[in-house]
Each structure stands twice: as structure tokens, then as C-alpha cells.
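Architecture at a glance
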Amino acid sequence: MLKPIVIASLLLTAAAQAADTGAYAGLAFHRPTIELDAGPVDVNWNLTSFSVLGGYQFHQNFALEGRVAIGANDDKVGVQSNSLIVGIDRSYALFAKASYPVTEGVAVYGLAGYDYTKFNADAVVDGDIENADSSENGLAYGVGVQYAVNDKLDLALEYLVRPDIEDEELKASNRGFGLTATFKF
């Protein structure tokens, strides 16, 4: 009889300690715009991505956060026989997050870290489809405003800049707004 009581008390103690660990997880919705500056022509692709994120708040002003994203839509520019379709296949990111409370329940934060994004790209030239998939990695950064709905749930609006897309023929920027919801354990 003593053994189950000891096991139950150990589990309850572990659960109570885990409840205040600083760990959090959540979801993010982003609307990045890929902007291509090709001389006198500006071309924009408006994309959508969904992310799962997880992190650990080491201090009230500092956290480490990881994100895994998938693209939800592709966007096309051009006409049927000559076009370029671009979309996000997947993305992985690791950020250091510094936050500063402004008022009770509201904080501003900055993100800086590493991002890898793989893009789906199909070019249609004179009716022929050519695969032009590519990936980019490097420094990513952003800023946001976070609101604590309650002790466990935070909502945020952020602006995130991912690595530029570069090859011999083009250079494009990858940035946009997003919404996040995180749950603290």
C-alpha cells in the first residue's frame, strides 16, 4: 500500500514542478510577402504559412524558441503560358527572444536567430513547366507586441524578416506579419 502512495506523491510533485517550468508551446499564422526587385518591375508573391512553436522562458526577459512551419498556399505572377508560382514548402527556425514588459499584461519583444526555408517554385516558360525549387538560410529577426490574455495564454502580433532569396538571376526579400498564440505549461 505504501508503494502506490509514494509513486502518486512523486508524480504529483513532478507535475507541480513542471507546471512552473517556463516551457511554452503554440501556433503561429504568418503572411509573408516575397518581393522581387527586377529593375523597373516590382513583383510580389503573397504567401501563407502555419507554424508550431515551442520555447523555454529562462528569465522574464529572455527565452529560446524553435519553430517549424509549412506553407498553406502558393502565389502566381504572370499569365498562363509565362508565369512563376512560388510557395513555402517548409521552414525551421531557432530564435533568441528578448522581451520587455510595457504595462501589466503587455510586452514588446525582439527575435534574432537562424532560419532555413525551402521554397516551391515552378516557372512556366512558353507553356513548359520548369522546376525552380530553392532554399535559403541565415539570419532571421523580428519584433512583436505580446498580450497576456491570462496566466497561461499569450497572443502576439509580430513582424518577421527571413533570409533574402538570392541566386545568379534574382534577389528577393522574405518578410511579413504574423499572429501567434502561446500556452505556458
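Structure report, in brief. (Residues numbered from 1 in each chain as written. Predicted model: local features only at pLDDT ≥ 70, side-chain atom pairs only at ≥ 80, totals over all residues. Heavy atoms only, no water.)

Observations regarding the side chain of His-30
Its place among the elements puts His-30 in strand β1 (residues 23-38). A relative accessible area of 1% places His-30 in the buried class. Of note is the side chain of His-30, whose polar atom sits 2.9 Å from the side chain of Glu-158. (Helix = DSSP H or I, 4+ residues; strand = E, 2+ residues; numbered from the N terminus. Buried < 20%, exposed > 50% of the residue type's maximum accessible area, 1.4 Å probe, protein only. Polar contact = N/O pair within 3.5 Å; in protein donor to acceptor, adjacent residues only side chain to side chain.)

Some details on the pattern of salt bridges
Enumeration according to the criterion identifies 9 salt bridges in this entry. The salt bridge involving Arg-67 is made with Glu-65; its shortest N-O contact spans 2.7 Å. Among the residues examined, Glu-65 registers a relative accessible area of 2% and is labelled buried. Note that Arg-90 is salt-bridged to Asp-89, the shortest N-O span being 2.4 Å. A residue is classified by how much of its surface remains accessible, and Arg-90, at 30% relative accessible area, is partly exposed. The network of salt bridges with common partners includes Glu-65, Arg-67, Lys-97 and Glu-158. (Salt bridge = Lys/Arg side-chain N within 4 Å of Asp/Glu carboxyl O.)

Quick notes on the nonpolar core
With 11 residues, the main nonpolar core is built from Ile-34, Leu-36, Val-43, Trp-45, Leu-47, Val-86, Ile-88, Phe-119, Ala-121, Ile-165 and Ala-172. Contributing elements (two or more residues each) for this core: β1, β2 (41-46), β5 (82-103) and β6 (106-125). Phe-95, Ala-140, Ala-156 and Leu-160 belong to the second-largest nonpolar core, a separate cluster that totals 7 residues. (Core = buried A, V, L, I, M, F, W, Y, C linked by side-chain atoms within 4.5 Å.)

By themselves, these figures tell us nothing about what the structure is for.
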